[in-house]
Amino acid sequence: MALNGYYVERMLMAKFVNLSRDLPLIDVGGNLGIVTLQAALQGRQVVAVEPIPENALRLCRAVVDFGHAHLVHVMQNAASSQEGNVTLAMDRPKGRARYGVIRSETWGYEQTAAYAIHLDRLLELIPFRTAALKIDVESHEGHVLAGAERLFQEVDIPIVWMEWEHVKRRPEYGGAFIVQFMQRHNLVPCDLMSGLRLPTENYRNWPRTNVFSEMKSGSSTAIRDWKHTGTLQVSRRCSVVITVHCRSQTLSPILFKGSCDFCENQ
C-alpha cells in the first residue's frame, strides 16, 4: 500500500480495524495478511482474497501460527470486472513489491498467472450477510467493484476502505465510476482520521486512502461505529481453507495443515 510513510499507514490501518471491529471482514488484496490477522485476533470471521500463491500460503501460515485458522477462509484468486485468466506483474521500485492485474506482458517485471473472478462469487461461501470491506489492489479497485454488484445488494456493507491514489484518475473504472457505484449503494466518501465527508466533485484531490461509509442522518460526520447483530456460527478447525476458483467451477478446497492445541488434544 502506497501511503505517506509507515507510521501513517499503520495508524490508518488500526483506525479501520477498530471502526469495523464488530463486523466480519472481506479483505480483497490480502497480501501477507496484516489486516486479516488483526481482524482474526479480534475474533472476527474473515474472507481474504489473494491471487499470489506465495502470499496466500504465507498468510495461511501466519493465521495458523496465531491460532485463528477457524476464522479465516482464503480465496486464491484475483478479483476483477471480468472472469478469466490474467497475468499478475510484480514491480519492485526501490525494493518494494507491488502487484497489479494486467492482460499483456508489457511490464517486463516478474509475472505469475492467476484466475480472476467476480467478487459476487463470495456469496457462494460466506455465511454472513453483513461485513466490512477492504480493497487494496493497486489501481484495480474499480474493476473489483464492477464485479461486486450482487454482493453489495445482498450483503450489508456499511464501510469500505480502499487505496485511492492509484485509481482516482483512471479513465475506465476509475474515481468517477467508484463514486457513482458507492452513491448507488448509499455510501459516502469520508476522511478516515477525521470522519468528515469528502466532496464528491473533488474526488481527484482526496487523500491517498479513504473510506466510504453509511451516512448519519443530518450530520457532516460519516464515520461511526457499527454493531454486528446476530451470532456467527463458526466451526472449529485446525486448517485454513484455500479455495481456488477456475472458470465456472470451484476446485476442491485445499486444506493448509497446521498444528494447534485444540487438535493435538483430541
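About the cut-offs
Residues numbered from 1 in each chain as written. Predicted model: local features only at pLDDT ≥ 70, side-chain atom pairs only at ≥ 80, totals over all residues. Heavy atoms only, no water. Helix = DSSP H or I, 4+ residues; strand = E, 2+ residues; numbered from the N terminus. Buried < 20%, exposed > 50% of the residue type's maximum accessible area, 1.4 Å probe, protein only. Contact = heavy atoms within 4.5 Å. Areas by Shrake-Rupley, 256 points an atom, 1.4 Å probe, with all protein chains shown as cover. Expected span 1.5 Å × (residues − 1). Phe/Tyr/Trp six-rings, centres within 6.5 Å; stacked < 30°, edge-to-face > 60°. Polar contact = N/O pair within 3.5 Å; in protein donor to acceptor, adjacent residues only side chain to side chain. Core = buried A, V, L, I, M, F, W, Y, C linked by side-chain atoms within 4.5 Å. pLDDT = per-residue confidence, 0-100.

Side note on the overall build of the protein chain
Phase 1 of the analysis: Helix and strand counts for the protein chain stand at seven helices and 15 strands.
Phase 2 of the analysis: When each of the 266 residues of the protein chain is scored for burial, the buried share is 52%.
Phase 3 of the analysis: Expressed as a percentage of contacts within the protein chain between residues at least 6 apart in sequence, the contacts between residues at least 24 apart total 69%.
Phase 4 of the analysis: With an accessible surface of roughly 12700 Å², the protein chain has 48% of that area assigned to carbon and sulfur atoms.

Overview of helix α3 (residues 53-65)
Phase 1 of the analysis: Taking 1.5 Å per residue as the helical rise, α3 with its 13 residues ought to reach 18 Å, and the 18 Å between its terminal C-alpha atoms agrees with that figure.
Phase 2 of the analysis: Those residues of α3 that sit buried are N55, A56, L59, C60, A62, V63 and V64.
Phase 3 of the analysis: In the segment just after α3, G67 is the residue with positive phi, at about 80°.

Here's the deal with the packing of aromatic side chains
Phase 1 of the analysis: Under the criterion given, the structure shown has eight aromatic pairs.
Phase 2 of the analysis: Aromatic rings pair up to connect F152, Y173, F177 and F181 into one cluster.

So, the environment of K134
Phase 1 of the analysis: Here K134 is to be found in strand β8 (residues 132-135).
Phase 2 of the analysis: Between the C-alpha atom of K134 and that of I26, which follows or precedes it by 108 residues, the distance is 6.3 Å.
Phase 3 of the analysis: Those residues in contact with K134 that lie beyond four places of it in its chain are F16, L25, I26, D27, V28, G29, G30, V35 and W161.
Phase 4 of the analysis: A polar side-chain atom of K134 sits 2.9 Å from the main-chain carbonyl oxygen of G29.

Remarks on unusual backbone geometry
Phase 1 of the analysis: Even without a glycine there, the phi angle at N31 is positive, about 55°.
Phase 2 of the analysis: You will see that Y173, though not glycine, has its phi angle at about 55°, which is positive.
Phase 3 of the analysis: Summarising the element assignment, Y173 is placed in the loop between β9 (159-163) and α6 (175-184).

With respect to the nonpolar core
Phase 1 of the analysis: Residues V28, L119, L151 and V160 are the most contacted members of the largest nonpolar core, which totals 37 residues.
Phase 2 of the analysis: Of all the secondary-structure elements, those providing two or more residues to this core are β1 (25-28), β2 (46-49), β7 (110-117), β8, α4 (141-146), α5 (149-154), β9 and α6.
Phase 3 of the analysis: The element that contributes the greatest number of residues to this core is α6, accounting for four residues.
Phase 4 of the analysis: Not counting chain neighbours up to four residues away, the residues in contact with V28 comprise V49, A79, L119, L133, K134, I135, D136, V137 and V144.
Phase 5 of the analysis: With 29 residues, the next largest nonpolar core counts V35, L59, V63 and L192 among its residues.

Here's the deal with the confidence of the model for the protein chain
Phase 1 of the analysis: This prediction gives the protein chain a mean pLDDT of 76; 70% of its residues lie at or above 70.
Phase 2 of the analysis: Every residue in residues 217-239 is under pLDDT 50, and counting partners more than four places away or in other chains gives 61 contacts.
Phase 3 of the analysis: Counted against residues more than four places away or in other chains, residues 257-266, with its pLDDT under 50, gives ten contacts.

As for helix α2 (residues 34-41)
Phase 1 of the analysis: Here α2 has its buried residues at V35, T36, L37, A39 and A40.
Phase 2 of the analysis: Following α2 by one or two positions, G43 has its phi on the positive side, about 85°.

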